[in-house]
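# Report on the structure
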Amino acid sequence: MFYRPASKASGRGLRLEKRSGHGLRSGRWRRVTTEPGDAGPSRKPFGTRLPAYLVHFFTASGGALAFLSLFAAIDGHFAVAFAWLGVALIVDGVDGTIARALHVRDRVPNISGDVLDLVIDFTTYVFVPAAILVLCNIWPKPLAMGWGIVIIVSAALYFADLRMKTPDNWFAGFPAVWNVVVFYIVVYEPSAWVASIIIGAAAIGQAMPLVFVHPFRVQQFKPVTLGMCVVWAVAAFACIAEGLKPDPVTNIVLLACAAYFCGLGFLRRMPKPKAG
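Described in the following lines is the structure provided in the data block. (Residues numbered from 1 in each chain as written. Predicted model: local features only at pLDDT ≥ 70, side-chain atom pairs only at ≥ 80, totals over all residues. Heavy atoms only, no water.)

## Quick look at the pattern of salt bridges
Tallying each qualifying case throughout the model produces four salt bridges. A salt bridge links R105 to D114, with the shortest nitrogen-to-oxygen separation between them at 2.7 Å. For R105, a relative accessible area of 51% gives the class exposed. Salt-bridge contacts for R268 lead to D168; the nearest nitrogen and oxygen are separated by 2.8 Å. One end of the pair, R268, is in the segment after α9 (248–263); the other, D168, is in the loop between α5 (141–159) and β4 (171–172), with 100 residues separating them in the sequence. Both residues of the pair, R268 and D168, belong to the buried class. (Salt bridge = Lys/Arg side-chain N within 4 Å of Asp/Glu carboxyl O. Buried < 20%, exposed > 50% of the residue type's maximum accessible area, 1.4 Å probe, protein only. Helix = DSSP H or I, 4+ residues; strand = E, 2+ residues; numbered from the N terminus.)

## Describing the packing of helix α6 (residues 178–188) against helix α8 (residues 222–241)
Helices that pack against each other are described as a pair by the angle of their axes relative to one another and the distance between those axes. Axis separation between α6 and α8 bottoms out at 12 Å; the angle between their running directions is 45°. Taken together, the axes of α6 and α8 are oblique relative to one another. In this structure, the crossing between α6 and α8 has a hand that is left-handed. Contact residues: α6 offers V180, F183, Y184 and V187, while α8 offers W232, A236, C239 and I240. For the contact of α6 with α8, the class distribution of residues is eight nonpolar, no polar and no charged. (Axes fitted to C-alpha atoms, helices over the stretch in contact; angles between N-to-C directions. Parallel < 35°, antiparallel > 145°, perpendicular 65-115°, else oblique. Left-handed = near helix turned anticlockwise from the far one by under 90°. Contact = heavy atoms within 4.5 Å. Nonpolar A, V, L, I, M, F, W, Y, C, P; charged D, E, K, R; others polar.)

## Some details on the nonpolar core
Counting 58 residues, the largest nonpolar core has F82, I132, W178, F183 and L244 as its most contacted members. Ignoring sequence-local partners within four residues, the contact set of L244 consists of F78, A79, F82, F183, V186, V187 and C239. (Core = buried A, V, L, I, M, F, W, Y, C linked by side-chain atoms within 4.5 Å.)

## Comments concerning the packing of aromatic side chains
Tallying each qualifying case throughout the model produces 10 aromatic pairs. Here the aromatic rings of F122 and F159 are separated by 5.5 Å at their centres, their planes lie at 85°, and the arrangement is edge-to-face. You can see F122 sitting in helix α4 (residues 113–135) and its partner F159 sitting in helix α5, a full 37 residues away along the chain. Residue classification places F122 among the partly exposed residues on the basis of a relative accessible area of 22%. Centroid distance F183 to Y184: 5.9 Å. Interplanar angle 90°. Geometry classified as edge-to-face. Across the pair, exposure class does not vary: F183 and Y184 are buried alike. A connected cluster of aromatic rings, assembled from ring pairs, spans F82, F183, Y184, Y188 and W232. (Phe/Tyr/Trp six-rings, centres within 6.5 Å; stacked < 30°, edge-to-face > 60°.)

## Considerations on α5
For α5, with 19 residues, the first-to-last C-alpha span of 26 Å sits near the 27 Å given by 1.5 Å per residue. The set of residues buried in α5 consists of A144, W147, G148, I151, S154, A155, Y158 and F159. Down the axis of α5, the smallest arc covering the buried residues is 145°, so these residues share one side. Opposite the buried face of α5, by more than 90 degrees, sit the exposed residues P142, I149 and L157. On the buried face of α5, the contacting elements are α4, β4, α6 and α7 (192–205). (Expected span 1.5 Å × (residues − 1). Arc of directions from axis to C-beta.)

## What about unusual backbone geometry?
Even without being a glycine, N169 presents a positive backbone phi close to 75°. Tracing the chain through its elements places N169 in the loop between α5 and β4. Not every positive phi belongs to a glycine, and F221 is a case in point at roughly 65°. On the secondary structure map, F221 appears in the loop between β5 (211–212) and α8. Look at F221 and you get partly exposed, because its relative accessible area is 30%.

Listed below in structure tokens is the structure:
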């Protein structure tokens, strides 16, 4: 919730409140003008707020990692660029769990961790990977620019979709993990038409009635999925250490993990409808 104190002249203030719902994509914001005498949110002691500020700074550090990745790619150091994006992926994977454990929203209600997370995710999952796709020079630049624009525009619409998650926390549609898609394209360098099919299918898949697992929120297969996340991360960083030229074992692991995460949605157990 955002709160602006009442002005001395009119005695009125401004408050943005969230309507009923859980998470940014479930509720809507409304603007409320406060009248004289209305109480704003109480300000908690700094010692209480400090852990929340530190978590928000931790989340925001993903933007700095994206910045470092972009300039590494501009300099032609694509393994380094993906290493920075890999660290950003780890930050994104754990910051939400830390935030919920520390009740960050209750400590600092005027800063939206949901909005901050969306800003950083769009930068690290979409914008910088699209730039890497153009900068890596594996295709003619006009083709890469065209697909980069498709990635950015389609992902922006996906990020704004309030139906991004199913009630049982699966992603509805391809979850715009373009950092992973571009990583595989740069590593395996498929022909232009094969890569175009992959990117086009993923872009359209963001609006299709498909489901993809959220590794930390979906309970079905969770232990196996978390284990596969660790295996994939180790293989991806091994590939980066090898200059994006994976050895046979790393190659098999990367492809097996891709098959697991792409295919797991077909095994989803549909949630039981609520009574009444």
